[in-house]
Amino acid sequence: MKQILIVDDSRTVRDSLKFFLREGGYEVLEGSDGVEALDVLKTARPNLIITDVNMPNMDGLTLLENVRNSPEHKFTPVLVLTTESQQSIMERGKSLGATGWIVKPFDSQKVLAVIKKVLGG
Amino acid sequence: MDQFKQVFIEEAEELLGTLEDHLLNLEDAPEDRELIDAVFRVMHTIKGSAAMFDFKGIVDFTHVVESVLDQVRGGDLSVTRELIELTLQSRDHIHEMLSAPSDITPESESRSRELIGEFEKLTGRVEDKRNKPPAAGGEEEESFFSLYRILFIPDRDIFFSGTNLIALLEELQELGECSTIAYTSEIPSLSGYNPETSYIRWEFFLTTKASLNEVKDVFIFVESSCQLEVTLLVEGDREEGEGEKRLGEILISRGLITPDDLTGALKAQKPVGQIMMENGLISRSDVESALYQQKTERKLREKQGSGERENTIRVKSEKLDSLVDSVGELVTAQARLSQISSQYDDPSLNALAELIERLSTELRDNAMGLRMVPIGTTFSRFKRLVRDLSNTLGKEIILETKGGETELDKSVIDKLNDPLVHLIRNSIDHGIECPQARLEAGKRREGTVSLIADYSGANVVIQIRDDGAGLNKERILSKAREKGLVGVDEVLTENEIFKLILQPGFSTAKEVTDVSGRGVGMDVVSKEIESLGGSIFITSTSGKGSTISLSLPLTLAIIEGLLVRIGDEKFVIPLASVQACLELSREERELHREKRLFEFRGSMVPYIRLRELFLDRRDLPLREHLVVTQTENGIFGIVVDEVIGDYQTVIKNLGRLYKNLQLITGATILGDGTMALILDLNKITALAKVESSAGI
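Source: prediction; values computed, not measured. (Residues numbered from 1 in each chain as written. Chains lettered and ligands numbered in written order. Predicted model: local features only at pLDDT ≥ 70, side-chain atom pairs only at ≥ 80, totals over all residues.)

S.K.: An account of the overall build of chain B is requested, with residue identities and associated values reported.
M.R.: Per the secondary structure count, chain B includes 22 helices and 21 strands. In chain B, which comprises 696 residues, the share counted as buried stands at 31%. Relative to all contacts within chain B whose residues are 6 or more apart in sequence, the contacts with residues 24 or more apart total 70%. (Helix = DSSP H or I, 4+ residues; strand = E, 2+ residues; numbered from the N terminus. Buried ≥ 20, exposed ≤ 12 C-beta atoms within 10 Å, placed from the backbone. Contact = placed C-beta atoms within 7 Å.)

Spelled out as structure tokens, the structure:
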């Protein structure tokens, strides 16, 4: 089963994402900010990381930089959670090595479609 | 989603509690960036989560507050008491809205508007940063298939963004029928290969109902790390029934042909790319890509059903023959009409006759055009022949074809097959040497046989060229002497020697092989070509190879001729070989009476008096005409009593009884119903040459 790490400080987002992903047949790991995520990544090797940008302690883009600089995870796809008003964040994310993004608000269908786009069928 | 609403409300309440603390702290430390960030983040999170449940009232309101806070964060707005007051009021308002998040009551609406108004006063204007990013999934639904060409060149380091190209290809394939071409030319050798680098360029031909944007959306995540070109090649028909009907459609709807017939006709079409590649004009990958495009476009058209189709139909060749026949009769009748009208000085009749003449010429050209077929299909049939023969003989041979698009009358092409087979066999058997002998001669191991077709005036010239050993003049000559074809002391020109191989019973191959047979080939070829109104020309350089050129008329059925008169008889000289018409003055007639020469463009040219040839012993007319013609025996003058004028005519065969008749290729019916014979200039001039060299 493919493993996905979700990183978001909002419990609502984490819980609903977790629900969608499990329904879609994925195993879910969680972190509430970048620091927690890096902690999880010390032992786990998820197939995909989905991260929010705006988070306390360590934001999503810094997490992304850390992921790309780590030998174990440098090729792991990373999706950034953004909102419609954050075009510049998408661009910055891409330049830092993000694989893609999920635009909030999202529903189950949209999330799974984007994940399939990145991970394949 | 409903199960998460409660989670959202609980979390939002928590966040609003935090927000209150932050705001109060911020009042004491208005420059604290971390606090500003935290405040912004709360509003951002609430907005984002609320949007997931479509709590529109909350989303719209928090969006405004968020964008104001974003300005603060960006330093465009400073933290003031009013701002904090307003944000606190906003917090309270959001708290109110959370009690019934999905409802938008008039009270909460007006409160929202009131607060937004206050914010606007504060900021001048609230900047709306809603730049819609491209959505990851399209919404528009096209109901007809379109064809896209997608050129996708990933950046070398694309894998470092975690991009999975296979997933991308899969996604494209899910959109519709997708042909993929991978250009691998940039992959370096193993020593220079970096597995973390992307080297391949991709081209896709996608047949899909998806819109251009939907197709582009597949690449949305990689746009910034690749070169991408999406072109709409064939647009799906959105308005069915509009536009004109295709011929195929009409024929089907009339029940004249079945859809299968139409598909069959479509398949008979020869891809242009093949011709181009045969001509070596474009590279293989270009052709591949073009072929893909053609294939997918054709598929698409079949899918569209009512859409465009190749508008060709298959017709029995007898039908064409009878059409051409009727057109021939029409041309004859028209010639008669022109003749009669010229006898009456009636302008309206003359105008009509001219109109009919123009129309029948047009009709004739169109009807003849229907019978024209490209020779390429005949050429491509020989690939197998060459392959099999070279295997049998242990030779290595490449067949090259050029000018396969050259069109010839179908009846000519049909009769051309056997002679061509023979000539190719000869080239391979006698011309091309064994690989060993070639290497010793300093040539490439593989021999090349080229088939080249090209237009040359009213003729088509087909060349069979090989880079083999060439014809051996001495051996041909000694063989011919041996067979008694040539006298011992006879001196022949090169061309005459080469022509000997066309004689019956001549074969120079040391051993009789299965391939070339027993020397019954070339004379049959020669006869066949002559019966088609064509001629053979042979050139050869020892050690370098030979070229056999077949000159063939474009068509057999109609000839552009020059009508001439000798005594009471009329004859037709093929116009294609006519160079000039002159008067043969009495002085000139007298001047070179014995030698029968006249001066034409600075050189002396022999002439033949047809009157003498056809044994019309009556007195010579006072004035004679000279038709200067180019024949395979050189330039000759043909002396006639009178040149009447040019004349389009339908060739009629003379029939079985006259099949051995020399000097005449056929007959035609003139406008006044009388008959004229068509002269075979090559034969006539050849005869004159023999006579003159024999001293007659």
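Having seen the structure, we can now continue with the description.
S.K.: Could you give an account of the overall build of chain A, naming the residues involved and the relevant values?
M.R.: In terms of helices and strands, chain A carries five helices and five strands. The helix and strand sequence of chain A, counted from the amino end, reads β-α-β-α-β-α-β-α-β-α. Classification of the 121 residues of chain A by burial places 51% in the buried group. Considering only contacts in chain A between residues 6 or more positions apart, those separated by 24 or more positions represent 59%.

S.K.: Could you give an account of the sheet that holds strand β1 (residues 3-7) of chain A, with specific residues and numbers?
M.R.: Residue and element names in this part refer to chain A. Reading across the sheet, the five strands line up as β2-β1-β3-β4-β5 and stay open at both edges, with parallel pairing between neighbours. Both edges of this open sheet fall to β2 (27-31) and β5 (100-104), since each of them pairs with a single strand only. Within the sheet, the average angular offset between the axes of one strand and its neighbour, ignoring direction, is 25 degrees. Direction of pairing for β1 relative to strand β3 (residues 48-52): parallel, over a ladder of four bridges. Pairing of Leu 5 across the sheet is with Ile 49, part of β3. Where helix α5 (residues 108-119) meets the sheet, it contacts β3, β4 (78-83) and β5, and its direction lies at approximately 180 degrees from that of β5. (Pairing = 2+ DSSP bridges. Axes fitted to C-alpha atoms, helices over the stretch in contact; angles between N-to-C directions.)

S.K.: Before we move on, could you go through the confidence of the model for chain B and cite the residues and values that matter?
M.R.: Detailed reading of predicted coordinates is not advised where the pLDDT is low. Residue and element names in this part refer to chain B. Of the residues in chain B, 83% have a pLDDT of 70 or more, and the chain-wide mean is 79. Of all the helices and strands in chain B, helix α10 (residues 272-278) carries the lowest mean pLDDT, 62, while strand β9 (residues 459-466) carries the highest, 89. Segment residues 127-142 is flagged for pLDDT under 50; beyond a separation of four residues in sequence, or across chains, it makes 35 contacts in the model. Taken as a whole, residues 238-243 scores under 50 in pLDDT and shows two contacts with residues more than four places along the chain or in a different chain. The ipTM, which scores confidence in the relative placement of chains, is 0.82 for this predicted complex, and the corresponding pTM is 0.42. (pLDDT = per-residue confidence, 0-100.)

S.K.: Can you break down the confidence of the model for chain A residue by residue, with the values?
M.R.: Residues with a pLDDT of 70 or more make up 97% of chain A, whose mean pLDDT is 87. Between the elements of chain A, mean pLDDT differs from a low of 80, seen in helix α4 (residues 87-95) of chain A, to a high of 94, seen in β1(A).

S.K.: Any details on the pairing of strand β17 (residues 624-631) of chain B? Residues and values, ideally.
M.R.: Residues and elements named next belong to chain B. In this structure, strand β14 (residues 578-584) lies alongside β17, joined through six bridges in antiparallel fashion. When the sheet's bridge partners are listed, Leu 584 is paired in β17 with Glu 624. A loop of two residues connects β17 with strand β18 (residues 634-640), the two strands running antiparallel in sequence.

S.K.: Provide a residue-level description of the interface of chain B and chain A, including the pertinent values.
M.R.: Listed by partner, the interface residues are 31 residues for chain B and 36 residues for chain A. The set of elements that each furnish at least two residues to the side of chain B that touches chain A consists of α1 (2-28), α2 (33-52) and α6 (165-175) of chain B. Here the side of chain B that touches chain A takes seven residues from α2(B), the largest share from any one element.

S.K.: Explain the environment of Asn25(B) residue by residue, including any values.
M.R.: By secondary structure assignment, the location of Asn25(B) is in helix α1. When the C-alpha atoms of Asn25(B) and Leu35(B) are compared, they prove to be 7.9 Å apart, with 10 residues separating the residues in sequence.

S.K.: With reference to specific residues and values, describe the packing of helix α14 (residues 376-393) of chain B against helix α15 (residues 410-431) of chain B.
M.R.: Helix-helix packing: each pair is described by the crossing angle between the helix axes and the interaxial distance. Residue and element names in this part refer to chain B. At a minimum axis separation of 10 Å, α14 and α15 run at an interaxial angle of 30 degrees. Comparing their axes, α15 and α14 come out roughly parallel. Both α14 and α15 take part in a crossing whose hand is right-handed. Taken together, the residues of α15 that come into contact with α14 (itself represented by Thr 378, Phe 382, Leu 385, Val 386, Leu 389, Ser 390 and Leu 393) are Ile 413, Leu 416, Asn 417, Leu 420, Val 421, Ile 424, Arg 425, Ile 428 and Asp 429. Looking at the contact of α14 with α15, its residues break down into 11 nonpolar, three polar and two charged. (Parallel < 35°, antiparallel > 145°, perpendicular 65-115°, else oblique. Left-handed = near helix turned anticlockwise from the far one by under 90°. Nonpolar A, V, L, I, M, F, W, Y, C, P; charged D, E, K, R; others polar.)

S.K.: Would you mind going over the sheet that holds β17(B) in detail, with residue names and values included?
M.R.: Hydrogen bonding along the main chain pairs the strands of a sheet, whether they run parallel or antiparallel. Residues and elements named next belong to chain B. Overall, mixed pairing links the five strands, which are arranged β14-β17-β18-β16-β15 in an open sheet. Here the strands that pair on one side only, and so sit at the sheet edges, are β14 and β15 (597-600). Across the sheet, the axes of successive neighbouring strands diverge by a mean angle of 35 degrees, strand direction being ignored. Note: β15 against strand β16 (residues 603-609), four bridges, orientation antiparallel. When the sheet's bridge partners are listed, Phe 600 is paired in β16 with Ser 603.

S.K.: Hey, could you go over the nonpolar core for me, with residue numbers and the actual values?
M.R.: One finds Ile50(A), Leu79(A), Val80(A), Ile102(A) and Val39(B) to be the most contacted residues of the largest nonpolar core, which totals 65 residues. A total of nine residues in this core trace back to one element, the largest contributor, which is α2(B). Every residue in contact with Val80(A), bar those within four places of it in the chain, is listed here: Thr51(A), Val53(A), Gly60(A), Met90(A), Gly93(A), Ala98(A) and Trp101(A). Among the nonpolar cores identified, the runner-up in size contains 37 residues, and Val412(B), Leu420(B), Ala453(B) and Ile501(B) belong to it. (Core = buried A, V, L, I, M, F, W, Y, C linked by C-beta atoms within 7 Å.)

S.K.: Quick one: what's the story with helix α13 (residues 347-371) of chain B, residue by residue and with numbers?
M.R.: For α13(B), which comprises 25 residues, the first-to-last C-alpha distance of 36 Å matches the rise-based estimate of 36 Å (1.5 Å per residue) to within 8%. The set of residues buried in α13(B) consists of Ala353(B), Ser360(B), Arg364(B), Ala367(B) and Arg371(B). (Expected span 1.5 Å × (residues − 1).)

S.K.: Explain the environment of Asp76(B) residue by residue, including any values.
M.R.: Inspection of the secondary structure puts Asp76(B) in the loop between α3 (56-73) and α4 (81-98). Considered as a pair, Asp76(B) and Thr123(B) are 47 residues apart in the sequence and their alpha carbons are 9.2 Å apart.

S.K.: Please give an account of the packing of helix α1 (residues 11-23) of chain A against α5(A) that cites residues and values.
M.R.: Residues and elements named next belong to chain A. Interhelical geometry of α1 versus α5 gives an angle of 65 degrees and a closest axis separation of 10 Å. Crossing handedness for the pair α1 and α5: right-handed. The segment α1 lies against α5, with Leu 17, Phe 20 and Glu 23 engaging Ser 108, Val 111 and Leu 112. Of the residues contributing to the contact of α1 with α5, the split by class is four nonpolar, one polar and one charged.

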